[in-house]
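Fold and geometry: a report
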Amino acid sequence: MTAEEQPLSSPAAHDGRRAAAEAAVNDILQGAWKARAVHAAVDLGIPELLEKGPRPVAELAAASGADESALRRLLVLLSTIGIFRAEDDGETFGHSGLSEVLLPDPASPVATDARFQAAPWHWRAWEQLTYSIRTGKASFEEANGTSFWDLTRDDDTARELFNRAMGSVSLAESRQVAAAYDFSGSRLVVDIGGGRGSMLAAVLDTSPRTRGILLERPAVAEEARELLDGRGLLGRCEIVPGDFFTTVPDGADLYLIKHVLHDWTDADIVAILRRVHDAMTAESTLLVIDNLLDDRPTASTLCVDLLLLVLVGGAERSLAGFTALLAQAGLAVRRSFSCGPGPLRLVEIRRAD
Ligand SMILES: C[S@@+](CC[C@H](N)C(=O)[O-])C[C@H]1O[C@@H](n2cnc3c(N)ncnc32)[C@H](O)[C@@H]1O
C-alpha cells in the first residue's frame, strides 16, 4: 500500500504526513544555505565569468581565486536547484534562465539585491534576528558595532551596494507612481530622502512645468545630482544635501516621501512628519509612498518587514498605523490608493489644522 492509499486515521498515514511535514520544514531550513550558496557565487563573480558561455570549473576556479574542488561542489548544488546549468561532463557550467537573472544589471532588483544580501555585514545582522525579536531593535548595530546609516555614510562599498539595490527597485516603482498620479498641477515638488533621484526624475519627465528639490544625505545627494544631470533635468531641480530630521524645504505644493518612513521607529516618524508639517502650507500635499500592510500581506512583504527591523529598527505599517502617526504630527489622510499589483500604496495627506 502506498502512502496515499493508507486510511487517513492509520498510523502509516500519520507517519506519511509527518515525513512530508519534516521534508517541508527541512527545505525551509536549508533555504538559508541555498541563499548563502547564491551569495558565494555572486561574491566570486561567477555570473559574470559565465557571461560569454559555459566554462570548465578549473577555469572558473582560477579566474575567481577559488578552490577548484569546493567550487565544483558549490556549482553542483546550485545547478540542482536551477541556478546555473551543468553540462553532461559534470565539469562545465553555464547559465540557466535563473542564473542569468544574477548578471550585474543596475535595473534588476534581484541582481542588485543578491549583492546587497551577500555583504558580510548584511548577513551578520540576520544572524542576530533573535536579538531583534527579543528587543524590538535593529540587530545590525549589535552585530556590526555600527548602525546601518553610519556604515552606509562612512563606507563607500556599503553605500554603493545599498544605493544600487534601492535604486533598481526605485527605477521601476518611479515609473509606476508617475503613471498613477497626476503631478502636472504641482509647481514645486520636494522629494524627501529621494535616494538617487529616479522618483524626482520620473515626476519632472512627466510634468514639464514642475520644478523639483531633492533632499538627501550628502554622499547620496551627489549621486542624485549625477543621475538628474544625466537625464538633462538638473536645470529644473535643486539638490539639497541635508538631514530630514532638521531640514525640510518650505512651501512646496507637493512633498514626496517614498520608502523612508518605514525605516524608522514610531517616535522618529512623528519627528520627521512634524518637520514636514511645519514646511507645508495649508494648500500643500504630502504623498507618502510605501508598502502598506493590507489584510493579506504576502510572505515576501513580511520578509521585507523583518529586514527593516533587522537593518534599521523600522517596520512596514498599515494605513491605520500611519494615520495614527500622522495625527500626532498634525496631518490627516485625504485619500489612499494602490499603485499597481504589489503592496505599494500612495497616501495623500494634508495639514489637519
Ligand atoms: C530606503 S531609501 C529610499 C530612497 C528613495 N526615496 C527611494 O524610494 O528609492 C531611504 C533614503 O533615506 C535617506 N536618508 C536616511 N536618513 C536620512 C536623513 N537623516 N536625512 C536625509 N535622508 C536620509 C537614505 O540615504 C536613503 O536614500
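Residues numbered from 1 in each chain as written. Predicted model: local features only at pLDDT ≥ 70, side-chain atom pairs only at ≥ 80, totals over all residues. Heavy atoms only, no water.

If you check an unreviewed UniProt entry, the protein appears there as Methyltransferase from Streptomyces gamaensis.

**Topic: the domain arrangement of the protein**
Our working definition: What fixes the domain bounds is an automatic or database domain assignment.
Each assigned domain of the protein is listed with its residue range as follows: domain 1 (3-102) and domain 2 (126-351). Placing the centre of domain 1 and that of domain 2 at their C-alpha centroids yields a distance of 36 Å.

**Regarding the UniProt feature "domain: O-methyltransferase dimerisation" (unreviewed entry) in the protein**
For the record, the criterion: UniProt positions are given in the numbering used here, feature names are shortened, and annotations may be inferred rather than shown by experiment. For helices the rule is a DSSP run of H or I covering at least 4 residues; for strands it is a run of E covering at least 2, with both sets numbered from the N terminus onward.
Mapped onto this structure's residue numbering, the UniProt feature "domain: O-methyltransferase dimerisation" (unreviewed entry) falls at residues 27-104. Between the end C-alpha atoms of residues 27-104 there is a gap of 28 Å, over a span that is 59% helix and 9% strand.

**Description of the pairing of strand S8 (residues 285-291)**
The condition is simple: For every residue, the accessible area obtained with a 1.4 Å probe (protein chains only) is divided by the maximum for its type, and the residue is called buried under 20%, exposed over 50%, and partly exposed between those limits. A pair of strands is labelled paired if DSSP reports no fewer than 2 bridges between them.
Across the seven residues that make up S8, a large majority, seven, are buried. Residues of S8 alternate between two faces, with Thr-285, Leu-287, Ile-289 and Asn-291 on one and Leu-286, Val-288 and Asp-290 on the opposite face, all of them buried. Across five bridges, strand S7 (residues 254-258) lies against S8 in parallel orientation. Its bridge partner lying in S8, Tyr-255 is registered against Leu-286.

**Quick word on the UniProt feature "domain: O-methyltransferase C-terminal" (unreviewed entry) in the protein**
Summarizing the sequence annotation, UniProt attributes the feature "domain: O-methyltransferase C-terminal" (unreviewed entry) to residues 126-331 in the numbering used throughout. In this annotation, residues 126-331 is assigned 52% helix and 14% strand; the end-to-end C-alpha distance for the span is 35 Å.

**Topic: the nonpolar core**
Cut-off, in case you're wondering: Nonpolar cores are built from buried Ala, Val, Leu, Ile, Met, Phe, Trp, Tyr and Cys residues. Side-chain atoms within 4.5 Å join them into one set.
Of all hydrophobic cores here, the largest spans 31 residues; its most connected members are Ile-192, Tyr-255 and Leu-286. Every element with two or more residues in this core is listed here: strand S4 (188-192), strand S5 (211-216), S7, helix H14 (266-279), S8, helix H16 (319-328) and strand S10 (344-351). Among the elements that make up this core, the one with the highest residue count is H14 (six residues). Leu-228, Phe-337, Leu-344 and Leu-346 belong to the second-largest nonpolar core, a separate cluster that totals 26 residues.

**Concerning the site of the ligand**
This is how the line gets drawn: Neighbouring residues are identified by heavy atoms, a residue being near a molecule or strand if any of them is within 4 Å of it. Each polar contact in these results corresponds to two N or O atoms within 3.5 Å; when the atoms are within protein, one needs to be able to donate a hydrogen and the other to accept it, and residues that are neighboring in sequence are counted only if both atoms are side-chain atoms. Note on areas: Shrake-Rupley with a 1.4 Å probe; residue coverage comes only from the protein chains shown. Any residue that is not Ala, Val, Leu, Ile, Met, Phe, Trp, Tyr, Cys, Pro, Asp, Glu, Lys or Arg is counted as polar, Gly included; the first ten are nonpolar and the last four charged.
The immediate surroundings of the ligand are formed by 18 residues, with Ser-170, Gly-193, Glu-216, Asp-243 and Lys-258 found nearest. Ser-170 is positioned such that a nitrogen or oxygen atom in its side chain is 2.8 Å from an oxygen atom of the ligand. Phe-244 places a polar main-chain atom, nitrogen or oxygen, 3.0 Å from a nitrogen atom of the ligand. Within the complex, the protein chains bury 95% of what would otherwise be the 590 Å² of accessible surface of the ligand. No other element matches helix H11 (residues 156-180), which puts three residues into the shell around the ligand. The residue inventory of the shell around the ligand, partitioned by class, reads seven nonpolar, six polar and five charged.

**Let's talk about the packing of aromatic side chains**
Note on aromatic pairs: each is described by the distance of the centres and the angle between the planes. Note the threshold: A pair of aromatic rings is counted whenever rings of Phe, Tyr or Trp (Trp by its six-membered ring) have centres within 6.5 Å, and the orientation is called stacked for planes under 30 degrees apart, edge-to-face for over 60 and tilted otherwise.
Enumeration over the complete set of coordinates arrives at 14 aromatic pairs. When the centroid spacing of 4.9 Å and the interplanar angle of 85° are considered together, the rings of Phe-148 and Phe-162 count as edge-to-face. Linking Phe-148 in helix H10 (residues 148-154) with Phe-162 in helix H11, this pair joins segments that are 14 residues apart in sequence. Residue Phe-148 is classed as buried on the basis of its relative accessible area of 2%. For Phe-162, a relative accessible area of 14% corresponds to the buried category. Taken together through their ring pairs, the aromatic side chains of Phe-116, Trp-121, Phe-140, Phe-148, Trp-149, Phe-162, Phe-244, Phe-245 and Trp-264 make up a single cluster.

**Here's the deal with the sheet that holds strand S3 (residues 92-94)**
The three strands lie next to each other as S1-S3-S2, forming an open sheet whose pairing is antiparallel. For this open sheet the edge positions go to strand S1 (55-56) and strand S2 (85-86), each flanked by a neighbour on one side alone.

**Overview of unusual backbone geometry**
For Phe-84, which is not a glycine, the phi torsion comes out positive at approximately 75°. Within the secondary structure layout, Phe-84 lies in the loop between helix H4 (68-80) and S2. Under the relative-accessibility criterion, Phe-84 is labelled buried at 2%. Not every positive phi belongs to a glycine, and His-259 is a case in point at roughly 50°. Tracing the backbone through its elements, the reader meets His-259 in the loop between S7 and H14. Under the relative-accessibility criterion, His-259 is labelled buried at 7%.

**With respect to the sheet that holds strand S6 (residues 237-241)**
As a reminder of what qualifies: To get an axis, fit a line to the C-alpha atoms, keeping to the stretch in contact for a helix; angles then go from 0 to 180 degrees between the N-to-C directions.
The seven strands lie next to each other as S6-S5-S4-S7-S8-S10-S9, forming an open sheet whose pairing is mixed. Each edge of the open sheet carries a strand with a single partner, namely S6 and strand S9 (331-338). Along the sheet, successive strands turn relative to each other by an average axial angle of 20°, direction set aside. Taken together, the seven bridges between S9 and S10 define a ladder with antiparallel strand orientation.

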